[in-house]
Amino acid sequence: MIAGPGGGEPFSPETARADFPALAQLIHGHPLAYLDNAATTQMPNAVIDAVAGFGRADRANVHRGVHALSERATAVYEGARAAVRRFLNAREAREIVFVRGATEAINLVAHSFGRTRVGAGDQVLVTALEHHSNLVPWQMLCAERGAQLRVVPVTADGELALDAVDAALGPRTRLLAVAHIANAIGTVNPIADLIARAHARGVPVLVDGAQAAAHLPIDVQALGCDFYALSGHKMYGPTGIGVLYGRAELLEAMPPFLGGGEMVRAVSLTEGPSWAALPHKFEAGTPNLEGAVGLGAAVAYLGAADRAAIAAHERALGEYTAARIAAVPGVRLIGRARDHAAIVSFVMDGVHPHDIGTILDRHGVAIRAGHHCAQPLLESLGVAATARASIAFYNTRSDVDALADALGAVHEVFG
Amino acid sequence: MSTDADDLYQRIVLAHAHQPRNQGPLPGATHQARGDNPFCGDRWVVSLILDDDQIREARYEGTGCAISTAAASMMTGAVRGRTRGEAEELSRAFERLISAAGAQAGADGEGIDLGDLVAFAGVRRYPVRVKCARLPWQTLMAALGGATSTVSTE
């Protein structure tokens with residue numbers, strides 16, 4: 001059994017952060033203030049130990065060996081799938097496909113669903129808030145199929161222009177692909193409302209949940225989404241592992257994405273292959289077992305947490321972060337939607353975000369600087385790059401105070 | 001400033017970043033190239049007027065971080081009046097100055113007088129930022145080479 005943050009004690013960030021060994025280090029002589037969680041979160045001991053334990057005791061190939069280790073590895077791998085099913089409240093474990101990350105999940109849908117369901121003259125609808133991972137695969141698909149990519153614009157506050165959604169959903173719209181939380185500026189989209197609008201027109205919806213899964217409880221049945229994409233490394237799990245949730249009915253109808261072992265029922269040299277059942281049809285080759293084991297531990301850890309307490313802490317600390325940053329002279333916050341996650345994107349007059357990032361690093365403060373793989377969004381908001389601080393539940397006011405103090409130093413150098 | 005970043009943000013580098021010289025369009029340019037750093041969005045256009053082999057004028061336009069801006073500002077000042085060959089030699093010396101390989105060889109320009117450009121020596125300790133200092137020079141070399149295409153750090 002994996003306990004939640006802080007060993008199952010009532011939630012407090014101070015005890016929770018003790019679960020994360022990477023946080024307890026000095027960077028350039030300062031305690032690390034890790035505020036780049038929207039890029040990658042750190043891993044708790046529960047995840048690190050699960051991956052190491054698999055390597056020490058259970059490692060073997062899955063689904064084919066008749067020996068004890070293979071049976072154990074299969075049980076652990078499928079156990080991780082079951083844990084993810086519970087975490088997302090999917091109806092069936094076969095609706096959970098392990099992939100490399102949200103990027104691969106979206107590419108899988110673009111290739112497999114897209115190539116069979118999107119034709120010349122059809123449309124795919126995305127939004128101007130998207131990460132490149134939920135944009136470029138659709139641009140590639142549309143170019144290949146002669147289809148049109150339509151884009152829901154954003155307001156100056158970084159919210160979706162909802163009145164434009166209905167107008168953009170047409171009879172030729174084959175899919176709506178939208179982020180649950182926008183990675184660059186933290187907008188929380190009204191995802192249930194968007195899904196309802198799309199479904200009213202018979203349009204299926206893919207939700208890019210990479211940024212949401214660590215922060216919001218996700219119930220794919222309640223949301224009613226058709227696809228949901230996750231990345232393990234943004235939810236306290238390992239890199240190189242992620243999940244595509246797809247409604248069984250849709251996944252059943254989709255052709256495989258990658259061909260190889262594991263995904264076939266039978267292969268002959270004279271006849272075409274027949275596909276394995278879900279989810280294996282979409283898991284060609286030996287899977288990332290260590291990654292799946294780690295992700296299984298991460299969702300068990302998160303699942304055992306007091307999600308409401310975590311969310312309240314993150315929300316309060318996010319507001320504190322925004323207030324401290326906004327108080328630095330010459331700073332402007334970028335994209336403050338009414339409903340936003342604990343992600344604060346900002347610019348400072350006359351200072352390039354990369355210079356901010358370098359000076360903050362010398363103070364032990366880790367943030368992200370750049371376009372956050374969301375160039376069209378930043379262009380919509382009139383900036384080329386921003387600095388971004390992003391909160392996880394293990395962050396404290398000390399982390400944010402270190403950030404604010406270091407921003408003061410940036411202002412001294414460049415102000 | 002009281003941090004270790006002193007070795008990156010030298011006083012003269014900051015001075016050029018705050019008040020860049022030689023910035024703006026160059027009417028009658030004979031050579032021009034564009035350089036992009038897609039990683040951070042830095043973009044420079046370097047324009048030159050060459051008279052025979054001599055750089056009569058060098059200017060640049062665009063946007064970039066403090067390191068990149070200062071590099072472009074100091075570079076254009078440093079190559080003005082030099083021959084193409086001298087500018088290329090200076091560029092190579094600058095590259096040795098800022099690169100890790102140069103650091104290992106103990107290079108400091110190797111006989112070439114880099115003048116104020118030595119202020120960029122600290123950049124070699126910041127692997128991600130080396131590209132910032134390098135981009136204006138890459139763009140200059142493309143312009144001198146008559147390249148019409150855009151150069152990129154990636």
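What counts, and at which threshold
Residues numbered from 1 in each chain as written. Chains lettered and ligands numbered in written order. Predicted model: local features only at pLDDT ≥ 70, side-chain atom pairs only at ≥ 80, totals over all residues. Helix = DSSP H or I, 4+ residues; strand = E, 2+ residues; numbered from the N terminus. Contact = placed C-beta atoms within 7 Å. Pairing = 2+ DSSP bridges. Axes fitted to C-alpha atoms, helices over the stretch in contact; angles between N-to-C directions. Buried ≥ 20, exposed ≤ 12 C-beta atoms within 10 Å, placed from the backbone. Expected span 1.5 Å × (residues − 1). Arc of directions from axis to C-beta. Parallel < 35°, antiparallel > 145°, perpendicular 65-115°, else oblique. Left-handed = near helix turned anticlockwise from the far one by under 90°. Nonpolar A, V, L, I, M, F, W, Y, C, P; charged D, E, K, R; others polar. pLDDT = per-residue confidence, 0-100.

Engineer: Just checking my understanding: could you explain the overall build of chain B for this structure?
Structural biologist: Within chain B, the secondary structure is distributed over 5 helices and 4 strands. Each helix and strand of chain B, placed in order from N terminus to C terminus, yields the pattern α-β-β-β-α-α-α-α-β. Here the analysis covers contacts within chain B between residues at least 6 apart in sequence; of these, 61% occur between residues at least 24 apart.

Engineer: Before we go on, may I ask you to explain the environment of Gly350(A) in this structure?
Structural biologist: Here Gly350(A) shows up in the loop between strand E14 (343-348) and helix H12 (353-362). Once the C-alpha coordinates of Gly350(A) and Val207(A) are considered, the two residues, 143 residues apart in sequence, prove to be 37 Å apart.

Engineer: Quick question: what am I supposed to make of the sheet that holds strand E2 (residues 42-51) of chain B here?
Structural biologist: The strands making up a sheet associate through hydrogen bonds between their backbones, and the pairing can be parallel or antiparallel. Residue and element names in this part refer to chain B. Read from one edge of the open sheet, 4 strands run E3-E2-E1-E4, paired in mixed fashion. Lying at the two open borders of the sheet, with one neighbouring strand each, are strand E3 (54-63) and strand E4 (151-152). Relative to the sheet, helix H5 (residues 130-144) contacts strand E1 (31-37), E2, E3 and E4, its axis offset from that of E1 by approximately 150°.

Engineer: How should the pairing of strand E4 (residues 96-99) of chain A be read in this particular structure?
Structural biologist: It is a general feature of regular strands that their side chains alternate between the two faces of the sheet. Residue and element names in this part refer to chain A. Neither face of E4 is left uncovered, since the one carrying Ile96 and Phe98 and the one carrying Val97 and Val99 both have all their residues buried. Summarising the sheet, E4 and strand E10 (residues 242-246) pair through 4 bridges and their orientation is antiparallel. Within E10, the residue paired with Val97 across the bridge is Leu244.

Engineer: Sorry if this is basic, but what is going on with the interface of chain A and chain B here?
Structural biologist: The accessible area lost on association of the parts is a frequent measure of interface size. Residue-level contacts link 16 residues of chain A with 16 residues of chain B. Only H12 and helix H14 (397-414) of chain A provide two or more residues apiece to the side of chain A that touches chain B. Considering every element that reaches the side of chain A that touches chain B, the biggest residue donor is H12(A), with 5 residues.

Engineer: Honestly, the sheet that holds strand E7 (residues 173-179) of chain A in this entry has me stumped. Any pointers?
Structural biologist: All names here are of chain A. Strand order across the open sheet formed by 7 strands is E4-E10-E9-E8-E7-E5-E6, with mixed pairing between neighbours. In this open sheet, the two edge strands, each paired with only one partner strand, are E4 and strand E6 (148-152). The average undirected angle you get between the axes of adjacent strands in this sheet is 20°. Running over the sheet, helix H4 (residues 102-117) touches E4, E7, strand E8 (205-208), strand E9 (227-231) and E10 and is turned about 35° from E10. Here helix H7 (residues 191-200) sits on the sheet and contacts E7 and E8; the angle it forms with E8, its principal contact strand, is near 160°.

Engineer: Teacher, can you tell me more about helix H2 (residues 45-58) of chain A here?
Structural biologist: What sets the pattern is the α-helix's 3.6 residues per turn: residues three or four places apart point alike. Residues and elements named next belong to chain A. Helix length check: H2, at 14 residues, gives a terminal C-alpha distance of 18 Å against a target of 20 Å (1.5 Å per residue), a fit within 8%. Along H2, the residues that are buried comprise Ala46, Val47, Ala50, Val51 and Phe54. Viewed along the axis of H2, the buried residues span an arc of 135°, placing them on a single side of the element. Away from its buried face by more than 90 degrees, H2 exposes Gly55, Arg56 and Ala57. Of the surrounding elements, those touching the buried residues of H2 are helix H3 (68-88) and helix H10 (289-303).

Engineer: Sorry, what's going on with the packing of helix H11 (residues 307-326) of chain A against H14(A) here?
Structural biologist: Residue and element names in this part refer to chain A. Close contact between H11 and H14 brings their axes to 10 Å; oriented N to C, the two are set at 15°. By the angle between their directions, the pair H11 and H14 is classed as roughly parallel. When you trace H11 past H14, the crossing you get is right-handed. Residues Leu317, Tyr320, Thr321, Arg324 and Ile325 of H11 form the contact with H14, whose own contacting residues are Arg397, Val400, Ala404 and Leu407. For the contact of H11 with H14, the residue count by class is 6 nonpolar, 1 polar and 2 charged.

Engineer: Looking at this structure, I do not really get helix H1 (residues 11-18) of chain B. What am I missing?
Structural biologist: Residue and element names in this part refer to chain B. Within H1, the full set of buried residues consists of Val13, His16 and Ala17. Down the axis of H1, the buried side of the element spans an arc of 100°, and every buried residue falls inside it. Buried residues in H1 make contact with helix H2 (66-79).

Engineer: What is the right way to read the confidence of the model for chain B from this model?
Structural biologist: Should pLDDT be low for a region, the predicted coordinates there are not to be read in detail. Averaged over all residues, the pLDDT of chain B equals 87, while 85% of them reach at least 70. Both confidence scores are given for the complex: pTM 0.92, ipTM 0.84.

Engineer: Before we go on, may I ask you to explain unusual backbone geometry in this structure?
Structural biologist: All names here are of chain A. Here Leu278 and Pro279 are connected by a cis peptide whose omega angle stands at -5°. Here Pro279 shows up in the loop between strand E12 (274-275) and H10. Phi is positive for Asn89, close to 50°, though the residue is something other than glycine. Structurally, the position occupied by Asn89 is in the loop between H3 and E4. By C-beta crowding, Asn89 is classed as partly exposed, having 14 other C-beta atoms within 10 Å.

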